[in-house]
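Notes for the structure review
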Amino acid sequence: MKKRPAQVFRLLSRMAVAAMVLVAATLVSIQFAHIVNENVAMARSLSSVQKDIGALAHRKRSEEREIRRLMDPQGAVPEIHDRLHLVGPNETIIYVKPPRQ
């Protein structure tokens with residue numbers, strides 16, 4: 001008769017250990033999923049920032065070219081004509097409208 005309570009105790013202890021292992025595995029998997037989600041979000045953010053950096057670098061190069069062009073008197077003449085509608089002596093601005101379709 002002593003075997004019966006010992007078997008029940010052994011069964012209950014094994015079930016308790018299995019439950020603890022299950023809880024631990026569940027907590028580890030939840031933490032792992034959380035870390036993976038954070039990494040995915042950071043990767044998307046990094047990609048977005050890298051695209052922004054590329055766009056800003058392109059814009060900077062474009063603006064530097066425009067500044068160099070405008071610093072040259074011959075390069076500034078078309079800009080003066082377009083923005084200020086000013087002309088030099090013996091110059092005329094002719095406005096051309098696109099044809100109607």
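This text follows the structure it describes.
In this text, all values refer to a predicted model and were calculated from it rather than measured experimentally.

1. Remarks on the overall build of the chain
The secondary structure content of the chain amounts to two helices and zero strands. Here the C-alpha atoms of the chain give a radius of gyration of 37 Å, more than 25% beyond the 13 Å that 2.2 N^0.38 yields for 101 residues. Along the three orthogonal principal directions, the C-alpha set of the chain runs to about 125 × 40 × 15 Å. The burial tally for the chain puts 3% of its 101 residues in the buried class. Across the chain, 16 positive and 9 negative side-chain charges occur, with their mean positions spaced 29 Å apart.

2. Let's talk about the environment of Ala55
The topology assignment puts Ala55 in helix H1 (residues 3-71). Sequence spacing of Ala55 and Ala76 is 21 residues, and the spatial spacing of their C-alpha atoms is 26 Å.

3. A few points about a nonpolar patch on the surface
Taken together, the side chains of Val8, Leu11, Leu12 and Met15 define a hydrophobic patch exposed on the protein surface, amounting to about 390 Å² of accessible area. With respect to the helices, strands and loops of the structure, Leu12 is situated in helix H1. We classify Leu12 as exposed; its relative accessible area is 52%.

The rules we used
Residues numbered from 1 in each chain as written. Predicted model: local features only at pLDDT ≥ 70, side-chain atom pairs only at ≥ 80, totals over all residues. Heavy atoms only, no water. Helix = DSSP H or I, 4+ residues; strand = E, 2+ residues; numbered from the N terminus. Rg over C-alpha atoms; globule rule 2.2 N^0.38 Å. Buried < 20%, exposed > 50% of the residue type's maximum accessible area, 1.4 Å probe, protein only. Lys, Arg positive; Asp, Glu negative; His and termini not counted. Charge placed at Lys NZ, Arg CZ, Asp CG, Glu CD. Patch = residues over 30% accessible without salt bridge, like charges linked within 9 Å, V, L, I, M, F, W, Y side chains within 5 Å. Areas by Shrake-Rupley, 256 points an atom, 1.4 Å probe, with all protein chains shown as cover. Salt bridge = Lys/Arg side-chain N within 4 Å of Asp/Glu carboxyl O.

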